[in-house]
Amino acid sequence: MRETAKTKMDSTDLSVSIIVPAFNEEESIVEVIDRIKKAWSNCDLPYEIIVVDDGSTDKTFELAASQNVRVLQHTSNRGYGASLKTGIKESKYDWILITDGDGTYPLEQMSSFLEFVPEYDMVVGARIGKNTNIPFVRRPAKWFLRVLASFIAGTKIPDLNSGLRIFRKDLSLEFSYLYPNGFSYTSTITMAFLTHGYNVKYIPIDYHKRKGKSSIRAYDFVGFNRLLVKLTLFFKPIKLFSAISGFLFLLALFVLFFSKFYLGQVMDITTIVIMLSALQIFLFGLLAELIVRLKEKK
């Protein structure tokens with residue numbers, strides 16, 4: 001029988017820094033802090049709550065500061081990832097738990113994550129529960145990224161960028177040079193842990209409708225493509241390059257046999273061009289893989 005969260009926490013002497021990035025969340029920040037305190041009220045372990053106000057123009061900072069928690073403030077809006085970086089840098093405990101300040105995540109489930117700590121290096125709340133309120137316009141891009149990331153990581157990823165998770169601080173700092181200041185922070189840390197062999201556990205959770213206005217644009221073409229490039233090149237690039245190279249090689253064979261047996265004349269130039277393209281892309285993949293591995297050893 002699995003130990004209860006309370007017993008597990010006592011036996012492992014866990015200490016947790018809970019980081020809440022917030023930008024113009026005056027409608028929900030007090031409720032979020034209160035829900036966190038209630039969720040952890042029966043947990044016998046050291047913890048702290050750090051709210052990082054990311055240059056809000058409303059009363060987010062004042063309201064958070066009135067709740068007897070640590071509040072850090074950016075003088076201007078620097079981004080979701082930048083807020084997490086600030087919170088982690090100022091945190092004093094060995095485990096980091098992050099959640100959003102908009103009230104969308106089931107904070108009552110946070111303490112249950114500790115049933116899997118420290119057996120797992122990261123525990124992620126996967127938004128695949130019965131009640132998930134993810135805007136329809138974001139779903140195609142999320143699905144495509146999740147499929148691509150799963151292929152690169154070599155394992156199924158039910159939720160690539162969930163904002164409710166707990167992870168080891170020391171391991172997260174190993175990849176600090178990769179983390180962006182924007183919303184792709186969670187996608188990046190997920191891939192960093194998975195592609196480097198760390199244990200990641202997914203727990204199904206619900207995802208509620210947020211309070212207030214979202215600061216995430218429904219479709220960011222530039223950001224979407226930037227994240228695609230990062231996932232491709234920063235983590236096991238040889239897998240994607242090999243797949244593209246293999247497809248081109250098969251296409252070259254198809255052109256060769258189709259032209260020979262159906263057209264009666266071999267399309268030799270076309271076949272050679274496609275074959276060389278396949279070889280070139282494969283070599284680019286090897287080079288990219290070598291660069292990634294050398295950078296990891298520094």
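So, here's what we can say about the structure. (Residues numbered from 1 in each chain as written. Predicted model: local features only at pLDDT ≥ 70, side-chain atom pairs only at ≥ 80, totals over all residues. Heavy atoms only, no water.)

**As for helix α7 (residues 185–195)**
Judged by how many residues are buried, α7 sits mostly within the fold: eleven of eleven residues are covered. Count one or two residues on from α7 and you reach G197, which has phi positive near 80 degrees. (Buried < 20%, exposed > 50% of the residue type's maximum accessible area, 1.4 Å probe, protein only. Helix = DSSP H or I, 4+ residues; strand = E, 2+ residues; numbered from the N terminus.)

**Some thoughts on unusual backbone geometry**
Residue V117 is joined to P118 through a cis peptide bond whose omega torsion reads 5 degrees. Tracing the sequence through the fold places P118 in the loop between β4 (95–98) and β5 (122–126). Of note in the backbone geometry, N24 takes a positive phi value of approximately 55 degrees without being a glycine. Mapped onto the elements of the fold, N24 is located in the loop between β1 (16–22) and α2 (29–39). When its relative accessible area of 26% is taken as the criterion, N24 is described as partly exposed. Although it is not a glycine, K236 adopts a positive phi angle of roughly 50 degrees. Take K236: it is sitting in the loop between α8 (221–234) and α9 (237–263). Overall, K236 belongs to the partly exposed group, its relative accessible area being 25%.

**Describing the pairing of strand β2 (residues 47–54)**
Counted residue by residue, β2 has seven buried out of eight residues, so it is predominantly covered. Where β1 lies against β2, seven bridges are found, and the strand directions are parallel. Of the residues in β2, the one forming a bridge with I19 is I50. Once the chain exits β1 it traverses α2 before rejoining the sheet at β2, and the crossover so formed is right-handed. (Pairing = 2+ DSSP bridges. Right-handed = clockwise from strand over helix to strand, strands pointing away.)

On their own, these measurements won't tell you what the molecule is for.
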